[in-house]
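For reference, the chains in residue letters:
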Amino acid sequence: MAHRAVTTSMPMPRATDVVRLRVNGDLYEVGVPAHYTLLEALRYELLLTGSKQGCDKGDCGACTVIIDGRATLSCLTPVHEAEERDVVTVEGLASADGPHPLQDEFDLKGAAQCGFCTPGILCSAAALLARTPDPSRDEIREALAGNLCRCTGYTKIFEAVEGAAARLRVE
Amino acid sequence: MIKRAHRVGSELTVVGQPQRKIEGLAKSTGRAIYTDDLTLPGMLHGKILRSPHPHARIVSIDTTAAEALEGVHAVVTGRDMPITYGIIPWTPDEFPLCVDRVRYIGDGVAAVAAVDEDTAIRALAEIRVEYEELPPFLDPFDSLAADGSTPWIHQPKKEGRNGNITKHVHLEFGDVDGLMDGSDVVVEGEYHFEGTTHTPIEPHCAIGLFESGGGPGGKLTVWSATQVPHYLHRELARVLEIDPARVRVVQPLVGGAFGGKSEPFDLEFCVAKLSMKAGRPVKILYTREEVFYAHRGRHPFHMRYRTGCRADGRLRSVDARIVLDGGAYASFGLVTTYYSGQLLCAPYAMPAYRFDSTRVYTNKPACGPKRGHGSVQPRFAFEVQMDKLAERVGLDPIDMRRLNFIGEHTRTVNDLRVTSNGFLECLDAVERSSDWREKFRKMPFGQGIGVAGSTYISGTNYPIYPNDMPQSAVQMQIDRSGRVAVFSGASEIGQGCDSLVAYIACEELGVPLDHVRVLRGDTDFTPVDLGAYSSRVTFMLGNAAIDAARKLRKMVCEAVAADWEVKPSEVLLAGGRALWAPDTARQMTVREAFNLAEARFGTLGATGWYDTPKDVHGEYRGGTIGASPAYSFTAHVAEVEVDVETGFVDVKKIWIAHDCGRALNPVLVEGQMEGSAYMGFAEAIMEEHVFKDAEHGRGGLHNAPSLLDYRIPTSLDTPELESLIVESIDPEGPYGAKEAGEGPLHPSIPAIANAIYDAVGVRLDRLPFSPPAVWRALEAAASSGGARKPAAPGTVEVTAPRP
Ligand code: FES
Ligand code: FES
């Protein structure tokens, strides 16, 4: 709680650093306050607003992106730690040919209700399918355990991931 | 206004089929825009300073140091907005920022707008607030017992009253005492429902933009993650004293709400006022911690029920006494107090019913409406009472519920008009799918199965402020490209209401889904819809959309008929084509048909609207809640496994049968059923909105305002959910539809409670059924002879004598 007794020693957050970020295949050089997280840099500097902020403290998973193949909470990743690494966000899952099968299945199966958890869940699911093309229901549950969804009860999400896995195996 | 769907199920081509949502791909590709995704040129960032005391007088606020800070553009306090507001027009008891009193830890006292968030946070630290602490009321029973020797939480409306009471309702139907005395079995129980909160994954966010000049007064635009843009529009205009014609509310997509965004909040007033002062747009995004303080979640209920039935199981009399812990402000509390009693009178017939409900203020974040508003708590108590009665009279609990079925096209004891009612089919469906007959009282010790039923409204007759205007409306236009544009003011919060109007346009006008554009969420160009609450949207918006679409359809069919020289009634619109019914080989594209209509009638547009029938309740004003045009019905069976060593309850599966009238898109209906059952499961097993008492830290401080500590189920926690849609085809619903968003939450909790009893023979009458609570109950049972499996109905002698 912001209350006068606590906060007067807050550091001046003016220092700005230039960081090099590789996001969805593009290399960006951006000036950000030194304390920025990767999520803040994505949303506020690169205007990639697909990654969501649900808590800003590592509890909800809405900010999940893929860094070097691993699903990672971007709100807990200092922007410096993402430098020169391969970051994929929800915007990077689709190709010029159309949406990723996961994205299409989420729509078909009704796996996105409000859609706020969806970008993070898609990143967790995409990272799972990249390493486990034919996951069991339990493996899907496990892979999505860090992504809270408050709308769906997860059932349709599981079905969508299974549907996408099947499509990807055929492709 | 339409009175009745004129087409029956077999003729429907779009409605009833699984469909994509119109914004589904935008959501899954990251293109969907929510409020915090917007950045306006020159936008400032706002922050709100919050009270560290649960109850205190504000002696002084000094903002000079904050204002002097470089980068700070505006500071506001309660004195800048000294008009009270409240979602219920009869109980406006909040200021946008506190003026002279704070009433809970987290109450807003001042707000700043600065160039960036960091500067805004530093500015808050420079604001000097002097408080004089007052004794807080943290326990609702202390609030009730207060004698005025310490300051009330709110001034009583009348001298001599208890200012800590929001509302007291006492209503009685039938001869409650006589029939109770005449009952063969009476069960009495005390129940406690702990408060829970919504926790949408999107925190509240708002942006204000005040544009001065260009005429007197200027223009205010507020973007907000709200589920009630119309009420927000009204309250912004009233509190900030701006002509409503110069206020615009824009609602980007909303990242979940569940009732938690269904009234104005401090941030919306603050971004507006800060923007008026600073002359620049201002955004405020709540931290997750602030979402917990904003709350408006499920009220804690302290309930006492007496339920009497005959020896054959027929209900005779129900007597309820409830204390609602309301928190610091009224919010929807007036309605909650009525709902706590009025929504219990179906799906079972009860000849006599009384409830006495009192909502009191406490110095904690205000409670309000959460999915299943006001009726989830009593439903838990009542359905456990039913289970206890069934056992006493030796009936299977599903049979007990069948026996007491109220029927369709009937009236409840409190004079609510029930039309379609598929509750028996719901019971059949869960009984069959769960293998109930093989499992009930037959599984090994530690494993169990339980059932519960419920009903819920599809909107109510009363708008929140009394008026005779339509409750929902859309505007539709079609053009020569073959496209349909629907202007809809309904609140898309994830439930699919934007898609709903598109499906209806497709059904009625024969266009493919991707030819429909839904233009939404902007009070400047969409007709008024009252908001996403009370499960009103499908019924009301759906009927409004049908009304508009059929007006257009009539013109299109007439134009085509004239061209073909046939009767308009012979023209069908379906699958992207206009067809001649007697010989469907004769056809043209819908685009050609629209061109003929535009040539014949000019530019094509229509409005459609819906208002509830006002004459459907009897003498007794529809139970004072505003009767609903239709009621949904639900039955759940839950299967659990209880770990006797740890008290951990593993909910294996919930079978959810729900009478939604008609599933306009079964995928979305199932999604609502699963999401509801999940949320009920969460409240049954893990959720608890707990505040510290003075012995354990700072009294009134939220114990765990984070998504880590306030536990909501992950993908690993959530049980298997099986949806069983029941369609009763309501006579007045759009194509027969009712609601699906809230009803299917109710039975989860009592079904789990009853399943735990079946598993280990221990009754849990307090929520949540967390491992410590279950373990303690098992320990208590052990000390009085040990927990054991209850006997099957019919295997013990019926215990008819009254206690
Ligand atoms: S925003 Fe919630 S975990 Fe990152
Ligand atoms: S779809 Fe709303 S939080 Fe998952």
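Residue indices begin from 1 for each chain and proceed along its sequence in written order. Throughout, the order in which chains and ligands are written sets their labels, letters from A for the former and numbers from 1 for the latter. In keeping with the predicted nature of the model, local features appear solely for residues at pLDDT of at least 70, side-chain atom pairs appear and are counted solely at 80 or more, and the whole-chain, interface and lining totals rest on all residues. Computation of side-chain values covers all heavy atoms of the structure but excludes hydrogens and water.

## Examining the overall build of chain B
The following threshold applies: Helix and strand definitions here come from DSSP, where helices need a minimum of 4 consecutive H or I residues and strands a minimum of 2 consecutive E residues; each element is numbered from the N-terminal end. For this measure, only C-alpha atoms enter the radius of gyration; the expected value for a globule follows 2.2 Å times N^0.38, where N is the number of residues. Each residue is assigned to one of three classes by its accessible area relative to the maximum for its type, calculated with a 1.4 Å probe on protein chains only: buried under 20%, partly exposed between the two thresholds, exposed over 50%. In this description, contact between two residues means that some pair of their heavy atoms is separated by no more than 4.5 Å. For the area figures, the Shrake-Rupley method with a 1.4 Å probe applies, and any residue is considered shielded solely by the protein chains shown. In this tally, Lys and Arg are treated as positive and Asp and Glu as negative; His is ignored, and so are the chain termini. Taken as the charge centre is NZ of Lys, CZ of Arg, CG of Asp or CD of Glu, depending on the residue.
Looking only at helices and strands, chain B has 19 helices and 28 strands in total. Relative to the globule expectation of 28 Å for 803 residues, the C-alpha radius of gyration of chain B, 27 Å, shows essentially globular dimensions. Projected onto its principal axes, the C-alpha coordinates of chain B cover approximately 85 × 80 × 50 Å. Relative to its 803 residues, chain B shows a buried fraction of 66%. Across chain B, every contact between residues at least 6 apart in sequence was considered, and the portion connecting residues at least 24 apart equals 80%. Counting only carbon and sulfur atoms, one obtains 50% of the accessible surface of chain B, whose full area is about 26400 Å². Taking the average place of the 84 positive charges on the side chains of chain B and the average place of its 104 negative ones, the gap between the two points comes to 3 Å.

## Notes on empty space enclosed by the protein
It is the rolling of a water-molecule-sized probe over the atoms that shows where space remains empty. Residue and element names in this part refer to chain B. To keep it simple, the criterion reads: Cavities and pockets were defined on a 1 Å grid built from protein atoms only: a cavity is a group of points that admits a 1.4 Å probe but offers it no way out, a pocket is an open group of points flanked by protein on both sides within 12 Å along at least five of seven lines, and a lining residue is one with an atom within 4 Å of any such point. Grid points are joined across faces, edges and corners, and a volume is the space filled by probe spheres set on the points. Put simply, Ala, Val, Leu, Ile, Met, Phe, Trp, Tyr, Cys and Pro go in the nonpolar bin, Asp, Glu, Lys and Arg in the charged bin, and everything else, Gly too, in the polar bin.
The full count for this structure, using the stated rule, is 8 cavities of 30 Å³ or more. Considered as a void within the structure, the largest cavity measures approximately 150 Å³ in volume. Along the wall of the largest cavity there are 16 residues; nearest its centre are Glu94, Tyr104, Asp107, Asp266 and Arg296. Among the residues forming the lining of the largest cavity, the class breakdown is 10 nonpolar, 1 polar and 5 charged. If you trace the second largest cavity, you find 12 residues lining it, with Ala390, Glu391, Leu395, Arg441 and Pro793 closest to the centre. No other element matches the 3 residues that helix H10 (residues 376–393) contributes to the lining of the second largest cavity. Broken down by class, the residue content of the lining of the second largest cavity amounts to 8 nonpolar, 1 polar and 3 charged.

## Concerning the pairing of strand E3 (residues 72–77) of chain B
Residues and elements named next belong to chain B. Applicable threshold: Criterion used throughout: strands pair if DSSP finds at least two bridges between them.
Here E3 lies mainly inside the structure; 5 of its 6 residues are buried. As paired elements, E3 and strand E5 (residues 108–114) share 5 bridges and run antiparallel to each other. Counted as the bridge partner of Ala74 is Ala113 from E5.

## Describing the confidence of the model for chain A
Our working rule: Per-residue confidence from the prediction method is given by pLDDT, with values spanning 0 to 100.
Mean pLDDT for chain A: 92, with 91% of residues reaching 70 or above. Note that residues 1–12 of chain A has pLDDT below 50 and, in this model, 23 contacts with residues that lie over four places away or in other chains.

## Comments concerning the packing of aromatic side chains
Residues and elements named next belong to chain B. Going by this rule: Stacked, edge-to-face and tilted are the three classes for Phe, Tyr and Trp ring pairs, Trp counted by its six-membered ring, which pair at centre distances within 6.5 Å; planes under 30 degrees apart are stacked, over 60 edge-to-face, the rest tilted. Any Lys NZ or Arg CZ that is within 6 Å of a ring centre and within 35 degrees of that ring's normal is treated as a charge sitting over the ring.
For the structure on display, the rule yields 19 aromatic pairs over all chains. Measuring from centroid to centroid gives 6.1 Å for Tyr231 and Tyr465, while their planes differ by 85°, and the two rings are edge-to-face. Residue Tyr231 is located in helix H6 (residues 229–239), and its partner Tyr465 is located in the loop between strand E18 (447–457) and strand E19 (472–478); the two are separated by 234 residues in the primary sequence. Comparing Tyr231 with Tyr465, the two get one shared label, buried. In this structure an aromatic cluster arises from ring pairing among Tyr191, Phe193, Phe380 and Phe769. The ring of Tyr465 is capped by Arg234, whose NZ or CZ atom sits 3.5 Å from the centre of that ring. In this arrangement the basic side chain of Arg586 is found over the ring face of Trp580, its NZ or CZ atom lying 5.5 Å from the centre.

## Things to note about the sheet that holds E3 of chain B
Residues and elements named next belong to chain B. Just so we agree on the cut-off: Angles shown run from 0 to 180 degrees and are taken between the N-to-C directions of axes, each axis being a line fitted to C-alpha atoms and, for helices, limited to the stretch in contact.
The 7 strands are arranged E3-E5-E1-E12-E9-E10-E11 in an open sheet whose pairing can be described as mixed. The outermost strands of the open sheet, each flanked by one partner alone, are E3 and strand E11 (247–250). Strand-to-strand twist across the sheet, computed as the mean angle between neighbouring axes with direction ignored, equals 20°. Against the sheet, helix H3 (residues 117–125) engages strand E1 (44–50), E3 and E5, with an angle of about 30° to E1. Contacting strand E10 (219–224) and E11, H6 runs over the sheet at an angle of about 150° to E11.

## Things to note about unusual backbone geometry
Residue and element names in this part refer to chain B. Following Ala346, the chain continues to Pro347 via a peptide bond in cis, the omega torsion being 5°. Mapping Pro347 onto the fold places it in the loop between helix H9 (333–342) and strand E15 (352–360). A positive phi angle, close to 40°, is found at Thr199, a residue other than glycine. Along the chain, Thr199 falls in the loop between strand E8 (185–193) and strand E9 (205–211). Classification of Thr199 as buried rests on a relative accessible area of 3%. We note that Phe258 has phi near 60°; this positive angle belongs to a residue other than glycine. With respect to the helices and strands, the residue Phe258 is situated in the loop between E11 and helix H7 (266–278).

## Looking at the interface of chain A and chain B
Note the following rule: Two parts lose some accessible area (1.4 Å probe) when they are put together, and adding that loss for both gives the buried area. Just to be clear on terms, a salt bridge is a Lys or Arg side-chain nitrogen sitting within 4 Å of an Asp or Glu carboxyl oxygen. Think of a polar contact as two N or O atoms within 3.5 Å of one another; within protein, one of them needs to be a possible hydrogen donor and the other a possible acceptor, and neighboring residues in sequence only count if both atoms come from side chains.
Each partner contributes to the interface: chain A provides 55 residues, whereas chain B provides 70 residues. Together, the buried faces of chain A and chain B total about 5000 Å²; carbon and sulfur atoms form 56% of this surface. Our enumeration of links across chain A and chain B arrives at 8 salt bridges. Where Arg43 of chain A meets Asp36 of chain B, a salt bridge forms, and the shortest distance between an N and an O atom there is 2.8 Å. Linking chain A with chain B are 30 residue pairs in polar contact (both at pLDDT 80 or more). Take the side of chain A that touches chain B: its biggest share by element is 5 residues, from helix H3 (residues 101–108) of chain A. A breakdown of the residues in the side of chain A that touches chain B according to their chemical character gives 25 nonpolar, 16 polar and 14 charged.

## Describing the environment of Ala96 of chain A
Among the secondary structure elements, Ala96 of chain A is positioned in the loop between strand E5 (86–88) and H3. Considered as a pair, Ala96 of chain A and Phe158 of chain A are 62 residues apart in the sequence and their alpha carbons are 26 Å apart.

## Some points on helix H17 (residues 666–685) of chain B
Residue and element names in this part refer to chain B. The following threshold applies: The span you would expect from a helix comes to 1.5 Å times its residue count less one.
With 20 residues, H17 extends 28 Å from end C-alpha to end C-alpha; this agrees with the ideal 28 Å at 1.5 Å per step. Among the 20 residues that make up H17, 19 are buried, leaving the element largely enclosed by the rest of the structure. One side-chain oxygen at the N-terminal end of H17 lies 3.0 Å from the backbone nitrogen of Val667; it belongs to Asn665.

## Considering H9 of chain B
Residues and elements named next belong to chain B. Within H9, 9 of the 10 residues are buried, leaving the element largely enclosed by the surrounding structure. Taken together, the buried positions of H9 are occupied by Gly333, Leu334, Thr336, Thr337, Tyr338, Tyr339, Ser340, Gly341 and Gln342. Contact partners of the buried residues in H9: strand E7 (165–173), strand E13 (301–309), strand E14 (315–325), E15, H10 and E18.

## Quick word on the side chain of Ser488 of chain B
All names here are of chain B. Residue position: Ser488 is located in strand E20 (residues 484–488). Within polar-contact distance, the side chain of Ser488 engages the backbone nitrogen of Ala490 at 3.3 Å. If we skip the residues at most four places from it in the chain, Ser488 touches Val474, Val501, Val518, Leu519, Arg520, Gly521, Thr526 and Leu541.

## Some details on the sheet that holds strand E28 (residues 720–726) of chain B
All names here are of chain B. Judged by pairing direction, the sheet is mixed, and its 4 strands sit side by side in the order E18-E26-E27-E28 without closing on themselves. Looking at strand neighbours, the two that pair on one side only are E18 and E28, the edges of this open sheet. Taken pair by pair, the neighbouring strands of this sheet meet at an average axis angle of 15°, ignoring direction. The pairing of strand E27 (residues 649–659) with E28 spans 7 bridges and is classified as parallel. Residue pairing for E28: His658 is matched across the bridge by Ile725. In this fold H17 packs onto strand E26 (631–642), E27 and E28, with an angle of close to 130° to the strand it touches most, E28.

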